[in-house]
Amino acid sequence: MPRGRERVDRTTGCELYEDRLAMSAQPVGDLLLTPLDPDSLAGAASQIEPAAQSSNDYGVEYVRRTYGFLGAGQTVAIIDSGIAYDHAALGGGLGAEFRVVGGWDFAENDADPYDDAPAGFHGTHVAGIVGSSDPVYEGLAPGVDLVSLRVFDDQSYGEIAWVEQALRWVHEHRDAFENPITTVNLSLGNQGNGGLPADARLEDELAQLKSDGIFVVASAGNSFANHQTPGLSYPAASLHVTPAASVGAGGQLSDFSQRDSRVLAAPGERITSTVPDYAKNLDGKTNDFERASGTSMAAPFVAGAGVLLREAMLFAGRTDVTADVIHNHFRDTADLVFDAATSAPYHRIDVGRAIDAAMPADDYGSTAAEAFSLSTLDNQLALSGLLGRTDDVDYFSFVAGQSGVVHVHSQASGNLVAEWRADAGAGESLSFEVIAGRSYTVGLAATAGIGRYDASLELSPIATAVDWGDVTFREIAGESISGEALRSIRASRDGTLTVEAIYEQAAGSVQLELYDAQGGLVAVHGERIDLTATAGEQFTLKIIGVHANVDFRLTNLLSVSAGVVDVGGTSGADSFTFSAGDEHTIAVNGVQYRFDSSEGTRVRFQGAGGEDSLSLTGTTGDERLTSRPGNIKFTGDAWSVSADDVENVQVAGGGGRDEAVLHDSRGHDRLEASPEEARLLGDRFDHRVSGFAVVQVQTSLGHDMAFLADSAGDDVFTGRPGVASLEGPGYRLEVGGFDFVRAAAGRGHDRAVLHDSPSGDRFFARPGLAWITGRDYLNFAASFEAVHAYASAGGFDMAWLFDSRGDDRLAAGPEEVLLAGPGFQHGAAGFETVRTVSSSGGRDRAEFFRTPGDSLLVDRGEAILSGRGYLAVANYFSQVDEIADERLQQAVFGGFDRDEGLLNGGPLAFVDGGLDAVDAL
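Procedures and definitions
- Residues numbered from 1 in each chain as written.
- Predicted model: local features only at pLDDT ≥ 70, side-chain atom pairs only at ≥ 80, totals over all residues.
- Heavy atoms only, no water.
- Helix = DSSP H or I, 4+ residues; strand = E, 2+ residues; numbered from the N terminus.
- Buried < 20%, exposed > 50% of the residue type's maximum accessible area, 1.4 Å probe, protein only.
- Contact = heavy atoms within 4.5 Å.
- Areas by Shrake-Rupley, 256 points an atom, 1.4 Å probe, with all protein chains shown as cover.
- Axes fitted to C-alpha atoms, helices over the stretch in contact; angles between N-to-C directions.
- Nonpolar A, V, L, I, M, F, W, Y, C, P; charged D, E, K, R; others polar.
- Arc of directions from axis to C-beta.
- Phe/Tyr/Trp six-rings, centres within 6.5 Å; stacked < 30°, edge-to-face > 60°.
- Lys NZ or Arg CZ within 6 Å of the ring centre and 35° of its normal.
- Salt bridge = Lys/Arg side-chain N within 4 Å of Asp/Glu carboxyl O.
- Pairing = 2+ DSSP bridges.
- pLDDT = per-residue confidence, 0-100.

We now examine the overall build of the protein. Along the backbone of the protein there are 10 helices and 68 strands. Going through the 921 residues of the protein one by one, you find that 54% of them count as buried. A sequence separation of at least 24 residues applies to 71% of the contacts in the protein between residues at least 6 apart. Here the protein has roughly 37,300 Å² of accessible surface; of this, 47% comes from carbon and sulfur atoms.

This is the structure:
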């Protein structure tokens, strides 16, 4: 017989192979594969009669879908031409971390049992039928590990001695891997058709493996066409192995397949499985598949099925799983196929039926109508069971012995993932309320895998809920929690209901569960729950945990609708805050909420009694504030805030050129303002703004007072009856309608300009303080370096100027009088009478600029310059001079600016002895 294997030409469109192994007493070139005439086999296949089952699946997909068995936890030894272990569907490598966990090459005596070219392929094809993980061409047990034992060389030459050594190797290494070797596949044999050959030298080794509990499958042989009588090739003829015959697509025995009453028939025609790259297209990708036929293909089907059956039997708790147990179980559950050629029936394997028969019976009812009765549940009950199918559900019914809450739990084993199902919902654990005397049904369903479980049902009596009443805003301090506590609450308005638990986490923890009026769980959280409620809606708050000191805060004051956020208050003192940005932040009584700027473009605060406070913070953009007692409006680029009936308000501009307009009340109000902050307060209101570039304050009723403070720069205060302003670098304060205005300077070089009213007014000035007063107004300027007062044509106006302790100088003319000294400069213009007094020491000098028609009288420390409509008096000056030159008067007085109050930005000049002598102060 020729040594080697010849591949069938693929161009014929037929890719079918036959297996043969010639056995003799001497090592000879035993043939693994010899060419099979495609025409004769195709002709035989065309005569196959259709069977009841036309698929080659035979329940395998059903087993996967129903039980999830994949062969995990076992190893199959493939004694053949080796395995192309780099194939993607066989794990991609060799070693403990791969699917092919090990093996040996007995042909080349090394540890690399690869299915080599040119004559390889057969062992790889067999291995794929057992355990390919490819989703299209999947093996029977894609979760199994493989061992490659190579007994044929590159030219398909093999020796019976190598097979014998391989069988011994299996015995010696059966427990050497993570998963034990439970199955051996022998897709090889001689051309015999009888019993044991004269030199059946494998019997000792096969008997040992059977004794080890290992299921050995051998191909029945492909020579029936030659013998035309029942019989088996060797080693399939051994009583220590299970022989595998081949059936075609119609379920009938293949014409080429040898047969015997002991065989298990399985698919063996045109089976697509894994092959090495060199056997297909040599494209460098180890992902090739090819079709082959023969009892060599039926044997790994039976071997893989044996792996699944063992897995099922072990799951069922059997400890006596032997080769005979597996063989006999397959026969007991097989289909009988009548063979016309031998007029005899043969056993065709049915994997689905075999696994079904091996699985334990369902222990509990699988439908709600068949639910297993647990009788009355009073407190706690434990039970065990199994979910033996991926679609299995175990149902239980019970009668509640008392009203309360039932908690169901389970712990699964194996690869089982399960969940409880009841009218109240579904989940790994489940809790629901029950009423004494009523019946209830729960089910435990397998959502993935199968396995055993331990379960418990516990009934906790419902504790009496403490009624916390209607929620607007309430704080409960110092609650002690041990186990479970129930509280009843009701929403007082439509909107967000917030429940918070505040505690020191190092001292314990609690969990909050909120249930609706029907007992449905609506929210769970460890520290805070927010949900939308309707007015009058009833809730039960369950507090679970252990903690000696827990504070609770309940809030139902905020609602959101169509981009409008409404925040209400209580009858007590409430605190509100708002901070604008990409995400607006709102807080009510310390409870914080966040909104994307697109969610809340309008925010409305509404006080409801008590003395409420509101804090607003703008952005870096330009914003505007309008405030009145009881009403606030604050607007930005794309948002607005309003507040009603809030007494105390603080607003921070946040940046940009912000403007604020403040209005007074009907009572007596007070303004305190600086470049940094302005505060207007009165009876039951207090409004503060900070960071605003422009602040305007307008009063209308009551006796109102304003106190203004300057900046560190050079500031200007302008005062008129009923209108005043203070401005400097980057700010402006404007006030109107105040009866009393006091501006205080002290930083920078500051000046004040004071104007009278149409009626008679009085102006008083001394270093550091000046004021002008008339009917219903009084304007003060304190610590300004320069103060100038201007009287109008109406009324009879008088001014009093007082000197400092230093050397001061007076310049007096018909229209204006100036008194200046160290650090001050006071001027009065347009007053009918101006009196200056030198009384504080120093050497003071007075100069009178007389025009034609004026008179100057000097007598006993008093100098009086008088003329048409004016009188200038100087008392107690050390020196009095008269100057009649109009040009000198212009030099002294011509530089005044009535709006700015200074000599065009220059210092005050006095004339001493003519134009050539000018002293600058």
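At a minimum axis distance of 7 Å, the contact between helix α2 (residues 60–67) and helix α9 (residues 351–358) shows a crossing angle of 35°. On α9, the residues touching V60, Y62, V63 and Y67 of α2 are V351, G352, I355 and D356. Looking at the contact of α2 with α9, its residues break down into six nonpolar, one polar and one charged.

This paragraph deals with unusual backbone geometry. Of note, the bond from A117 into P118 is cis; its omega dihedral lies within 30 degrees of zero at 5°. Within the secondary structure layout, P118 lies in the loop between β5 (100–105) and α3 (122–131). In this chain, Y234 is followed by P235 through a cis amide linkage whose omega measures 20°. You can see P235 is positioned in the loop between α6 (224–227) and β10 (242–247). The phi angle at F121 is positive, at roughly 115°, despite the residue not being glycine. With respect to the helices and strands, F121 occurs in the loop between β5 and α3. The exposure class of F121 is buried, given its relative accessible area of 2%.

On to helix α5 (residues 203–211), then. Buried within α5 are the following residues: E203, E205, L206 and L209. Here the buried residues of α5 occupy an arc of 165° about the axis, which is enough to place them on one side. For α5, exposure combined with an orientation more than 90 degrees from the buried face picks out D204 and S211. Of the residues flanking the end of α5, it is G213, one or two places downstream, whose phi is positive at about 85°.

To continue, consider the packing of aromatic side chains. This structure, assessed with the given rule, holds 25 aromatic pairs. Aromatic side chains W169 and F177 sit 6.2 Å apart centroid to centroid with 40° between the ring planes, which places their arrangement in the tilted category. Taking 5.4 Å as the distance between ring centres and 50° as the angle between the ring planes, the aromatic pair formed by F740 and F780 counts as tilted. Linking F740 in strand β51 (residues 740–744) with F780 in strand β55 (residues 777–782), this pair joins segments that are 40 residues apart in sequence. On the basis of relative accessibility, which here comes to 15%, the residue F780 falls in the buried class. Three or more aromatic residues joined by ring pairs make a cluster, and in this case those are F707, F740, F764, W771, F780 and W800. The cationic tip of R452 hangs over the ring face of F315; the distance from NZ or CZ to the ring centre is 5.9 Å. In this arrangement the basic side chain of R528 is found over the ring face of Y593, its NZ or CZ atom lying 5.0 Å from the centre.

Evaluated as defined, the whole model comprises 38 salt bridges. Across the pair D530 and R528 runs a salt bridge, and its minimum N-O distance is 2.7 Å. For D530, a relative accessible area of 37% corresponds to the partly exposed category. Overlapping salt bridges, with partners in common, bring together D105, E108, D116, R150 and D154 in one network.

What helix α8 (residues 323–332) keeps buried is the set A323, V325, I326, H327, H329 and F330. Taken together, the buried residues of α8 touch α5, β9 (215–219), β10, β11 (264–267), α7 (295–315) and α9.

Of the two faces of strand β22 (residues 430–434), only one is covered, namely that formed by L430, F432 and V434; the face formed by S431 and E433 stays uncovered. Bridge analysis of strand β19 (residues 404–412) against β22 gives five bridges, and the strand direction is antiparallel. Considered in β22, the bridge of G404 is made with V434.

Now for the confidence of the model for the protein. In the predicted model, the protein carries a mean pLDDT of 87, and 89% of its residues have values of at least 70. Ignoring residues within four places in sequence, the model shows residues 1–55, a span with pLDDT below 50, making 140 contacts including any to other chains. Counted against residues more than four places away or in other chains, residues 894–921, with its pLDDT under 50, gives 69 contacts.

Once that is clear, we can look at the sheet that holds β11. Judged by pairing direction, the sheet is mixed, and its nine strands sit side by side in the order β5-β6-β4-β8-β9-β10-β11-β15-β14 without closing on themselves. Unpaired on one side and paired on the other, β5 and β14 (335–339) mark the two borders of the sheet. The sheet shows a mean angle of 30° between the axes of neighbouring strands, taken without regard to direction. One ladder, built from six bridges, connects strand β4 (residues 75–80) with strand β6 (residues 145–150); its direction is parallel. Bridge pairing links I78 to S148 in β6. In the packing of helix α4 (residues 160–173) onto the sheet, the strands contacted are β4, β5, β6 and β8 (181–186), and the crossing angle to β8 comes to about 170°.

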